[in-house]
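Secondary and tertiary structure notes
Listed here are the chains, written in short residue letters.
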Amino acid sequence: QVQLVESGGDLVQPGGSLRLSCTASGSIFSLNTVAWYRQAPGKQRELVADITRGGSTKYEDSVKGRFTISRDNAKNTVYLQMNSLKPEDTAVYYCNVLVVLPWGQGTQSYWGQGTQVTVSS
C-alpha cells in the first residue's frame, strides 16, 4: 500500500505565492517520475509540471517562469513552488507519482487526493 498526502493549497491574491507538497509513504522502493496536474471546473485535468528521478523537468507553457517543481528523494516528497499566481491558476492540484515497488514488483502510478488553489482578490 502506498499513501500520498498533499498540502499547501489555499486562497491567495493575484501575484501571490504558494508551495504545494506531496509526500509518499508505504511500500516504496523509490519514486520514478513525479508530476503535478491540475483540474479547473469544467475542464480536463492537465499536466502542470513533472520531474524525473534525475532532476529533469518539464512545464506546461502557461506556468513556465512562474512555477518550479522540485523533489527530495530522501523524503519521497515532491514540491511545486508557485509564484506570480493568476486567477486562471485556480484549480484542484493533484500530485501523481510513479512508485518503484520493492522486491521487483515493478512500478505503479498513484494519485494524491488533491488540494484546492484559489487565486482571487
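Overview of the structure. (Residues numbered from 1 in each chain as written. Predicted model: local features only at pLDDT ≥ 70, side-chain atom pairs only at ≥ 80, totals over all residues. Heavy atoms only, no water.)

Tallying each qualifying case throughout the model produces six salt bridges. Taking the shortest distance from any N to any O, the salt bridge between Asp 50 and Lys 58 comes out at 3.5 Å. The class for Lys 58 is partly exposed, based on a relative accessible area of 47%. Here Asp 89 ties to Arg 66 by a salt bridge, and the two come within 2.8 Å at their closest N and O atoms. Here the residue Asp 89 occupies a position in the loop between strand S8 (77-82) and strand S9 (91-100), and Arg 66 occupies one in the loop between strand S6 (57-59) and strand S7 (67-72), the gap between them amounting to 23 residues. On the accessibility criterion, Arg 66 (10% relative accessible area) is buried. One connected set of salt bridges, linked through shared partners, spans Arg 38, Glu 46, Glu 60, Arg 66 and Asp 89. (Salt bridge = Lys/Arg side-chain N within 4 Å of Asp/Glu carboxyl O. Buried < 20%, exposed > 50% of the residue type's maximum accessible area, 1.4 Å probe, protein only. Helix = DSSP H or I, 4+ residues; strand = E, 2+ residues; numbered from the N terminus.)

Here the focus is unusual backbone geometry. Comment: phi is negative for the bulk of residues other than glycine, and the bulk of peptide bonds are trans. One non-glycine residue, Asn 76, adopts positive backbone phi at about 50 degrees. Along the chain, Asn 76 falls in the loop between S7 and S8. The residue Trp 103 is not glycine, and still its phi comes out positive at about 60 degrees. Checked against the element boundaries, Trp 103 lands in the loop between S9 and strand S10 (107-111). Taking relative accessible area as the criterion, Trp 103 reaches 81% and is therefore assigned exposed.

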